[in-house]
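# Overview (structure and organization)
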Amino acid sequence: MKILVIGCGSIGRRHLGNLKRLGEEDLLAMDPTPERLERVREEFGAKGFSSLEDALEQKPGAALVCSPNSMHAQQAMDCIAAGCHCFVEKPLSHTMDQVDVLVEEAEKRGLVNMVGSNFKFHPIFIKMKEIFNSGVLGKITSARCQFGQYLPDWHPYEDFRNGYSARSDLGGGVLLDSHELGYMAWFLGEALDVFCFSDKISSLDIQTEDTAEVLIRFASGAMAEVHLDYTQRAYQRTYEFFGEKGTMTWDFNQGKIRLFLAVENSWREYPQPKDYDINLMYVEQMRHFISSVKTGSPAATDFREGRRILQIILAAKRSSLEGRIARPMEETGS
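Another aspect to go through is the overall build of the protein chain. Across its full length, the protein chain holds 10 helices and 14 strands. The C-alpha radius of gyration of the protein chain comes to 20 Å, within 12% of the 20 Å expected for a compact globule of 334 residues. For the protein chain, the exposed area adds up to about 14,800 Å²; of that, 49% sits on carbon and sulfur atoms.

In C-alpha coordinates:
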(Lines give C-alpha, C1' and ligand atoms only; values in the text may rest on other atoms or scores of the structure.)
Protein backbone atom coordinates (compact mmCIF):
# COMPACT_ATOMS: atom_id res chain seq x y z
CA MET A 1 0.00 0.00 0.00
CA LYS A 2 1.22 3.46 -0.86
CA ILE A 3 1.29 5.78 2.15
CA LEU A 4 1.57 9.54 1.76
CA VAL A 5 3.01 11.78 4.48
CA ILE A 6 2.01 15.43 4.08
CA GLY A 7 4.48 17.75 5.81
CA CYS A 8 8.07 16.65 6.38
CA GLY A 9 8.93 18.55 9.54
CA SER A 10 9.93 16.74 12.71
CA ILE A 11 6.71 14.77 13.21
CA GLY A 12 6.39 13.90 9.52
CA ARG A 13 9.94 12.56 9.48
CA ARG A 14 9.26 10.59 12.67
CA HIS A 15 6.24 8.94 11.06
CA LEU A 16 8.16 8.15 7.86
CA GLY A 17 10.90 6.49 9.90
CA ASN A 18 8.39 4.49 11.92
CA LEU A 19 6.46 3.41 8.81
CA LYS A 20 9.74 2.16 7.38
CA ARG A 21 10.43 0.36 10.66
CA LEU A 22 7.03 -1.34 10.39
CA GLY A 23 7.88 -2.67 6.95
CA GLU A 24 6.07 -0.11 4.81
CA GLU A 25 8.28 0.56 1.77
CA ASP A 26 6.04 2.39 -0.73
CA LEU A 27 6.31 5.82 0.89
CA LEU A 28 5.35 9.17 -0.63
CA ALA A 29 6.10 12.58 0.86
CA MET A 30 4.66 16.01 0.13
CA ASP A 31 6.24 19.27 1.30
CA PRO A 32 6.72 22.65 -0.42
CA THR A 33 10.34 22.83 0.81
CA PRO A 34 12.80 21.12 -1.58
CA GLU A 35 15.39 20.59 1.16
CA ARG A 36 12.93 18.63 3.28
CA LEU A 37 11.92 16.45 0.35
CA GLU A 38 15.53 15.68 -0.45
CA ARG A 39 16.19 14.78 3.16
CA VAL A 40 13.31 12.27 3.39
CA ARG A 41 14.27 10.81 0.03
CA GLU A 42 17.79 10.16 1.31
CA GLU A 43 16.72 8.95 4.77
CA PHE A 44 13.64 6.88 3.94
CA GLY A 45 13.54 6.44 0.17
CA ALA A 46 10.30 8.42 -0.01
CA LYS A 47 9.21 9.74 -3.38
CA GLY A 48 8.75 13.51 -3.03
CA PHE A 49 6.13 15.92 -4.32
CA SER A 50 5.84 19.67 -3.90
CA SER A 51 2.05 19.76 -4.33
CA LEU A 52 -0.69 17.68 -2.76
CA GLU A 53 -2.50 17.36 -6.10
CA ASP A 54 0.53 15.69 -7.68
CA ALA A 55 1.01 13.41 -4.69
CA LEU A 56 -2.63 12.27 -4.70
CA GLU A 57 -2.34 11.40 -8.40
CA GLN A 58 -0.14 8.51 -7.24
CA LYS A 59 -3.29 7.03 -5.62
CA PRO A 60 -2.01 6.40 -2.09
CA GLY A 61 -4.15 4.11 0.04
CA ALA A 62 -3.56 6.14 3.20
CA ALA A 63 -2.35 9.62 4.05
CA LEU A 64 -0.89 11.25 7.14
CA VAL A 65 -1.50 15.00 7.53
CA CYS A 66 1.48 16.43 9.45
CA SER A 67 1.34 20.04 8.28
CA PRO A 68 0.63 23.20 10.34
CA ASN A 69 -2.75 23.21 12.10
CA SER A 70 -4.36 25.74 9.75
CA MET A 71 -3.88 23.33 6.83
CA HIS A 72 -5.23 20.17 8.47
CA ALA A 73 -8.90 20.33 7.54
CA GLN A 74 -8.50 21.19 3.85
CA GLN A 75 -5.69 18.70 3.27
CA ALA A 76 -7.64 15.98 5.08
CA MET A 77 -10.69 16.79 2.93
CA ASP A 78 -8.57 16.46 -0.22
CA CYS A 79 -7.27 13.09 0.96
CA ILE A 80 -10.73 11.80 1.87
CA ALA A 81 -12.07 12.97 -1.52
CA ALA A 82 -9.26 10.98 -3.17
CA GLY A 83 -10.35 7.86 -1.27
CA CYS A 84 -7.47 7.79 1.22
CA HIS A 85 -7.73 6.47 4.74
CA CYS A 86 -6.57 9.47 6.75
CA PHE A 87 -4.51 10.18 9.87
CA VAL A 88 -4.34 13.82 11.01
CA GLU A 89 -1.92 15.06 13.61
CA LYS A 90 -3.72 16.77 16.48
CA PRO A 91 -5.63 19.02 16.49
CA LEU A 92 -8.08 18.09 13.75
CA SER A 93 -8.13 21.77 12.74
CA HIS A 94 -7.73 25.27 14.20
CA THR A 95 -11.38 26.30 13.66
CA MET A 96 -14.65 24.41 13.25
CA ASP A 97 -14.93 25.39 9.57
CA GLN A 98 -15.12 22.28 7.35
CA VAL A 99 -14.85 19.95 10.35
CA ASP A 100 -18.45 18.69 10.31
CA VAL A 101 -18.24 17.96 6.57
CA LEU A 102 -14.87 16.25 7.06
CA VAL A 103 -16.27 13.94 9.73
CA GLU A 104 -19.36 13.13 7.67
CA GLU A 105 -17.43 12.48 4.44
CA ALA A 106 -14.93 10.14 6.10
CA GLU A 107 -17.73 8.14 7.69
CA LYS A 108 -19.92 8.13 4.58
CA ARG A 109 -17.06 6.79 2.46
CA GLY A 110 -16.19 4.14 5.05
CA LEU A 111 -12.61 5.38 5.36
CA VAL A 112 -10.53 4.82 8.48
CA ASN A 113 -9.93 8.21 10.09
CA MET A 114 -7.73 9.01 13.07
CA VAL A 115 -6.38 12.01 14.97
CA GLY A 116 -2.94 11.77 16.57
CA SER A 117 -3.07 10.72 20.23
CA ASN A 118 0.32 9.14 20.81
CA PHE A 119 0.20 9.00 24.61
CA LYS A 120 -2.74 6.58 24.38
CA PHE A 121 -0.06 4.11 23.27
CA HIS A 122 2.37 4.87 26.11
CA PRO A 123 2.50 1.99 28.63
CA ILE A 124 2.00 4.36 31.56
CA PHE A 125 -1.12 5.93 30.02
CA ILE A 126 -2.48 2.48 29.21
CA LYS A 127 -1.98 1.49 32.86
CA MET A 128 -3.53 4.75 34.12
CA LYS A 129 -6.60 4.17 31.96
CA GLU A 130 -6.84 0.58 33.24
CA ILE A 131 -6.71 1.77 36.87
CA PHE A 132 -9.17 4.56 36.14
CA ASN A 133 -11.66 2.20 34.46
CA SER A 134 -11.37 -0.38 37.26
CA GLY A 135 -13.28 1.93 39.61
CA VAL A 136 -10.80 1.59 42.50
CA LEU A 137 -10.58 5.38 42.77
CA GLY A 138 -14.34 5.64 43.30
CA LYS A 139 -16.24 8.64 41.99
CA ILE A 140 -13.77 11.15 40.53
CA THR A 141 -14.40 14.56 42.03
CA SER A 142 -11.50 16.54 40.56
CA ALA A 143 -8.35 16.32 38.49
CA ARG A 144 -5.35 18.41 37.63
CA CYS A 145 -2.68 18.28 34.95
CA GLN A 146 0.06 20.44 33.52
CA PHE A 147 2.29 20.59 30.51
CA GLY A 148 5.12 23.09 30.24
CA GLN A 149 8.29 23.36 28.18
CA TYR A 150 10.33 26.27 26.86
CA LEU A 151 9.30 26.66 23.22
CA PRO A 152 12.83 27.30 21.84
CA ASP A 153 13.86 23.91 23.30
CA TRP A 154 11.20 21.98 21.34
CA HIS A 155 13.17 21.97 18.08
CA PRO A 156 16.56 23.51 18.93
CA TYR A 157 17.81 22.87 15.38
CA GLU A 158 15.42 25.48 13.92
CA ASP A 159 14.26 29.03 14.70
CA PHE A 160 11.16 28.67 16.89
CA ARG A 161 9.84 32.01 15.62
CA ASN A 162 9.24 30.48 12.19
CA GLY A 163 7.46 27.38 13.47
CA TYR A 164 3.68 27.04 13.43
CA SER A 165 3.52 27.17 17.25
CA ALA A 166 4.65 30.80 17.18
CA ARG A 167 2.38 31.95 14.35
CA SER A 168 -1.31 32.75 14.63
CA ASP A 169 -1.81 32.41 10.85
CA LEU A 170 -0.71 28.75 11.04
CA GLY A 171 -2.97 27.89 13.97
CA GLY A 172 -0.33 27.98 16.68
CA GLY A 173 -0.53 28.69 20.40
CA VAL A 174 -0.26 26.50 23.46
CA LEU A 175 -4.00 25.68 23.56
CA LEU A 176 -4.04 24.15 20.08
CA ASP A 177 -0.55 22.71 20.47
CA SER A 178 -0.99 20.62 23.59
CA HIS A 179 -2.52 17.15 24.04
CA GLU A 180 -3.77 17.66 27.58
CA LEU A 181 -7.34 18.84 27.00
CA GLY A 182 -7.95 15.81 24.81
CA TYR A 183 -6.49 13.35 27.29
CA MET A 184 -8.48 14.81 30.16
CA ALA A 185 -11.64 14.24 28.11
CA TRP A 186 -10.44 10.67 27.39
CA PHE A 187 -10.36 10.04 31.14
CA LEU A 188 -13.25 12.17 32.36
CA GLY A 189 -15.78 12.15 29.51
CA GLU A 190 -17.99 14.92 28.14
CA ALA A 191 -16.95 18.49 28.97
CA LEU A 192 -19.90 20.78 29.73
CA ASP A 193 -18.35 24.11 30.71
CA VAL A 194 -14.93 25.71 30.22
CA PHE A 195 -13.36 28.80 31.72
CA CYS A 196 -9.93 29.96 30.63
CA PHE A 197 -7.32 32.66 31.09
CA SER A 198 -4.71 32.70 28.31
CA ASP A 199 -2.25 35.25 26.98
CA LYS A 200 1.27 35.87 25.74
CA ILE A 201 2.95 36.73 29.00
CA SER A 202 6.62 35.96 28.39
CA SER A 203 9.20 37.85 26.33
CA LEU A 204 9.20 35.14 23.63
CA ASP A 205 8.99 36.66 20.16
CA ILE A 206 5.77 34.89 19.12
CA GLN A 207 2.27 35.90 17.98
CA THR A 208 0.36 33.32 20.02
CA GLU A 209 -0.59 32.69 23.64
CA ASP A 210 2.26 31.11 25.63
CA THR A 211 0.35 30.42 28.86
CA ALA A 212 -3.14 29.10 29.60
CA GLU A 213 -5.05 28.15 32.74
CA VAL A 214 -8.18 26.14 31.94
CA LEU A 215 -10.98 25.00 34.25
CA ILE A 216 -13.40 22.34 32.99
CA ARG A 217 -16.63 20.95 34.43
CA PHE A 218 -17.54 17.51 33.10
CA ALA A 219 -20.94 15.85 32.77
CA SER A 220 -19.88 13.37 35.45
CA GLY A 221 -19.64 16.27 37.92
CA ALA A 222 -15.84 16.15 38.04
CA MET A 223 -13.91 19.39 37.73
CA ALA A 224 -10.42 19.68 36.26
CA GLU A 225 -7.66 22.28 36.18
CA VAL A 226 -5.26 22.24 33.20
CA HIS A 227 -2.11 24.37 33.05
CA LEU A 228 -0.28 24.82 29.72
CA ASP A 229 2.76 26.91 28.85
CA TYR A 230 5.65 27.47 26.43
CA THR A 231 7.80 29.07 29.12
CA GLN A 232 8.98 26.53 31.72
CA ARG A 233 12.71 25.99 31.43
CA ALA A 234 12.43 22.46 32.85
CA TYR A 235 10.07 20.08 31.04
CA GLN A 236 6.99 19.29 33.14
CA ARG A 237 4.11 16.91 32.43
CA THR A 238 1.95 15.71 35.30
CA TYR A 239 -1.54 14.25 35.84
CA GLU A 240 -3.48 13.89 39.10
CA PHE A 241 -6.89 12.31 39.66
CA PHE A 242 -8.73 12.60 42.97
CA GLY A 243 -11.51 10.13 43.76
CA GLU A 244 -13.64 9.33 46.80
CA LYS A 245 -11.68 6.12 47.34
CA GLY A 246 -8.20 7.08 46.22
CA THR A 247 -5.73 9.25 44.33
CA MET A 248 -3.68 8.53 41.20
CA THR A 249 -0.75 10.66 40.03
CA TRP A 250 1.79 10.50 37.21
CA ASP A 251 4.89 12.61 36.65
CA PHE A 252 6.65 12.22 33.31
CA ASN A 253 10.03 13.03 34.83
CA GLN A 254 9.63 10.37 37.54
CA GLY A 255 8.38 7.81 35.03
CA LYS A 256 5.90 6.11 37.33
CA ILE A 257 2.29 6.06 38.50
CA ARG A 258 1.60 6.52 42.21
CA LEU A 259 -1.70 5.12 43.47
CA PHE A 260 -3.17 5.72 46.92
CA LEU A 261 -6.15 3.61 48.00
CA ALA A 262 -7.96 4.64 51.19
CA VAL A 263 -8.89 1.04 52.00
CA GLU A 264 -5.18 0.18 52.18
CA ASN A 265 -4.04 3.55 53.57
CA SER A 266 -0.85 3.25 51.53
CA TRP A 267 0.75 4.12 48.20
CA ARG A 268 1.56 1.73 45.35
CA GLU A 269 3.91 2.51 42.49
CA TYR A 270 3.83 1.36 38.87
CA PRO A 271 7.05 2.28 37.04
CA GLN A 272 7.27 2.44 33.27
CA PRO A 273 9.51 -0.13 31.52
CA LYS A 274 13.19 0.45 32.22
CA ASP A 275 14.99 2.56 29.59
CA TYR A 276 11.69 3.09 27.74
CA ASP A 277 12.22 4.68 24.32
CA ILE A 278 9.64 7.45 23.90
CA ASN A 279 9.49 6.78 20.15
CA LEU A 280 7.87 3.41 20.87
CA MET A 281 4.51 5.03 21.56
CA TYR A 282 4.66 6.63 18.09
CA VAL A 283 5.54 3.25 16.58
CA GLU A 284 2.57 1.61 18.33
CA GLN A 285 0.27 4.46 17.28
CA MET A 286 1.28 3.98 13.65
CA ARG A 287 1.00 0.19 13.95
CA HIS A 288 -2.56 0.72 15.23
CA PHE A 289 -3.47 3.03 12.34
CA ILE A 290 -2.07 0.67 9.70
CA SER A 291 -3.87 -2.26 11.34
CA SER A 292 -7.13 -0.30 11.32
CA VAL A 293 -6.67 0.45 7.62
CA LYS A 294 -5.98 -3.19 6.77
CA THR A 295 -8.76 -4.66 8.92
CA GLY A 296 -11.35 -1.87 8.76
CA SER A 297 -11.51 -1.67 12.55
CA PRO A 298 -12.19 1.71 14.24
CA ALA A 299 -9.23 3.90 15.14
CA ALA A 300 -8.44 4.86 18.74
CA THR A 301 -9.24 8.56 18.24
CA ASP A 302 -11.41 9.06 15.18
CA PHE A 303 -12.39 12.34 13.53
CA ARG A 304 -15.61 12.51 15.54
CA GLU A 305 -13.62 12.34 18.77
CA GLY A 306 -11.14 14.83 17.31
CA ARG A 307 -14.06 17.18 16.68
CA ARG A 308 -15.12 16.89 20.33
CA ILE A 309 -11.58 17.70 21.52
CA LEU A 310 -11.36 20.68 19.15
CA GLN A 311 -14.61 22.03 20.59
CA ILE A 312 -13.07 22.01 24.09
CA ILE A 313 -9.98 23.84 22.83
CA LEU A 314 -12.00 26.47 20.97
CA ALA A 315 -14.31 26.93 23.96
CA ALA A 316 -11.20 27.67 26.05
CA LYS A 317 -10.03 30.22 23.48
CA ARG A 318 -13.46 31.84 23.37
CA SER A 319 -13.69 31.94 27.16
CA SER A 320 -10.35 33.70 27.40
CA LEU A 321 -11.32 36.20 24.72
CA GLU A 322 -14.76 37.00 26.14
CA GLY A 323 -14.03 36.59 29.86
CA ARG A 324 -16.90 34.19 30.50
CA ILE A 325 -17.72 30.50 30.75
CA ALA A 326 -17.98 28.84 27.31
CA ARG A 327 -19.66 25.57 26.33
CA PRO A 328 -17.86 23.22 23.95
CA MET A 329 -21.15 22.01 22.40
CA GLU A 330 -21.78 25.57 21.20
CA GLU A 331 -18.61 25.62 19.08
CA THR A 332 -19.88 25.03 15.53
CA GLY A 333 -18.61 25.68 12.03
CA SER A 334 -19.81 28.22 9.50
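Here we come to the packing of helix α1 (residues 10-21) against helix α9 (residues 279-295). Running from N to C, α1 and α9 point in directions that differ by 70°, and their axes come no closer than 9 Å. Classified by the angle their axes make, α1 and α9 are roughly perpendicular. Like other packed secondary-structure pairs, α1 and α9 cross with a definite hand, here right-handed. Contacts between α1 and α9 involve I11, R14, H15, N18, L19 and R21 from the former and N279, L280, Y282, V283, Q285, M286 and I290 from the latter.

Below, the discussion takes up the sheet that holds strand β13 (residues 256-261). Picture the strands of a sheet paired through backbone hydrogen bonds; they go either parallel or antiparallel. In spatial order, the strands read β8-β9-β10-β7-β11-β12-β13-β14; together these 8 strands make up an open sheet with mixed pairing. Pairing within the sheet leaves two strands with one partner each, and these edge strands are β8 (191-199) and β14 (266-271). Averaged over all pairs of adjacent strands, the angle between their axes in this sheet comes to 10°, without regard to strand direction. Bridge count for β13 against β14 is 6 bridges, and the pairing is antiparallel. Opposite I257, over in β14, you have Y270 as the bridge partner. Against the sheet, helix α10 (residues 303-322) makes contact with β8 and β9 (211-218), and its axis sits at roughly 50° relative to β8, the strand it touches most.

This paragraph deals with the nonpolar core. Core analysis: the biggest nonpolar cluster contains 104 residues, and M184, L188, V214, F241, F289 and F303 have the highest contact counts within it. Counting residues per element, this core draws most heavily on α10, at 8 residues. Contact partners of F241, with chain neighbours within four places excluded, come to M128, F132, L137, S142, A143, M184, F187, L188, G246, T247 and M248.

The rules we used
- Residues numbered from 1 in each chain as written.
- Predicted model: local features only at pLDDT ≥ 70, side-chain atom pairs only at ≥ 80, totals over all residues.
- Heavy atoms only, no water.
- Helix = DSSP H or I, 4+ residues; strand = E, 2+ residues; numbered from the N terminus.
- Rg over C-alpha atoms; globule rule 2.2 N^0.38 Å.
- Areas by Shrake-Rupley, 256 points an atom, 1.4 Å probe, with all protein chains shown as cover.
- Axes fitted to C-alpha atoms, helices over the stretch in contact; angles between N-to-C directions.
- Parallel < 35°, antiparallel > 145°, perpendicular 65-115°, else oblique.
- Left-handed = near helix turned anticlockwise from the far one by under 90°.
- Contact = heavy atoms within 4.5 Å.
- Pairing = 2+ DSSP bridges.
- Core = buried A, V, L, I, M, F, W, Y, C linked by side-chain atoms within 4.5 Å.
- Buried < 20%, exposed > 50% of the residue type's maximum accessible area, 1.4 Å probe, protein only.

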